[in-house]
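Observations on chain architecture
Chain by chain, the residues:
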Amino acid sequence: MRTEVVSEPGAPDRPNEDFAGVGLPASGQGGCLIVLDGVTPPRDGTGCLHSVPWFTARLGGALTELTVSRGDLTLREILEQAIGRTAVAHRETCDLSHPRTPQATVVLSRWSEETVEFLVLSDSALLLRSPDGTVTPVLDDRLDRVPRASLASDAIADATVRNREGGFFTAAADPAVAARAVTGTVPRAEVRALAALTDGATRWTEKFRAGDWTALLDVVAEEGARALVDRVRKLEAADREARVFLRRSKTHDDATVVYAEL
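Report follows, based on the coordinates. (Residues numbered from 1 in each chain as written. Predicted model: local features only at pLDDT ≥ 70, side-chain atom pairs only at ≥ 80, totals over all residues. Heavy atoms only, no water.)

Thoughts on the sheet that holds strand β6 (residues 125–129)
With antiparallel pairing, the 5 strands of this open sheet are ordered in space as β1-β10-β9-β6-β7. Among the strands making up the open sheet, the edge pair consists of β1 (2–8) and β7 (135–139). Neighbour-to-neighbour, the strand axes of the sheet open up by a mean angle of 10°, direction not taken into account. The sheet contacts of helix α5 (residues 199–206) involve β6, β9 (193–197) and β10 (255–261), and relative to β10 the element is tilted by about 80°. Contacts from helix α6 (residues 213–223) reach β1, β6, β7, β9 and β10 within the one sheet, and its direction differs from that of β6 by about 80°. (Pairing = 2+ DSSP bridges. Helix = DSSP H or I, 4+ residues; strand = E, 2+ residues; numbered from the N terminus. Axes fitted to C-alpha atoms, helices over the stretch in contact; angles between N-to-C directions. Contact = heavy atoms within 4.5 Å.)

Below you can see the structure in the form of structure tokens.
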């Protein structure tokens, strides 16, 4: 089995809000990968004493432990329990009802000798490659379907579409959000490789249109995850002034890629 993890902050002077992890059980059978993209907080605060990196580290750690050790739980149940654990860790000191309480997108996958399970919540992505080379993206596209007017400001988004019916959902403080995740299971024989990516890495395909999902996974498989992030950084730098591509509020974003060949 080959695994590779690359996670790079969008700027050297601020912390990386992403989380990346790979778990390989002591049994030597199966494994898991986890990617979280922490939601950058607004300037007026989140009602929480803790940073987004604190939150993603807590949630990511809980997801890793539960995914490796609790094969009896579904991925939705694992996400539900991990959110609950993280909420308990700061409920007494923080306002978890605040719409911008620390939160993150989630990609979670677990494989055994028989199956590959997956879960995606919000705008990070999971790519599955079959033995014949076909690449299938697993996406939660609810954010893309939100009217742009609803995203005109943080205040409007928080009041109308963030973690609300008809809008989009992230992992924050409510364990019930796990039921909103996109999930599925495929036979392991149908998956040769998989990659989980935050939207800072998927910009290569989704924003800059430099190649489709198959081409993106080819870059990761043949040149390495670092090569994909480097390509994104070059495109971002070239577009720094023009900001030609819509819906890109940051010149550079945290970029994370976790790749596994089964």
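Picking up after the structure, the text goes on.
Regarding the pattern of salt bridges
This structure, assessed with the given rule, holds 19 salt bridges. As a salt-bridge pair, Asp 254 and Arg 14 come within 3.3 Å of each other at their nearest N and O atoms. With Asp 254 in the loop between α7 (225–238) and β10 and Arg 14 in the loop between β1 and β2 (18–23), the pair connects residues that are 240 residues apart, well separated along the chain. The closest approach of N and O atoms between Arg 100 and Asp 154, which form a salt bridge, is 3.5 Å. Pair noted here: Arg 100 is in the loop between α2 (75–90) and β4 (104–111) and Asp 154 is in helix α4 (residues 154–160), with a separation of 54 residues, a long-range link. Residue Asp 154 is classed as partly exposed on the basis of its relative accessible area of 42%. Through salt bridges with shared partners, a single network forms among Glu 8, Arg 203, Arg 226, Asp 230, Arg 233 and Glu 236. (Salt bridge = Lys/Arg side-chain N within 4 Å of Asp/Glu carboxyl O. Buried < 20%, exposed > 50% of the residue type's maximum accessible area, 1.4 Å probe, protein only.)

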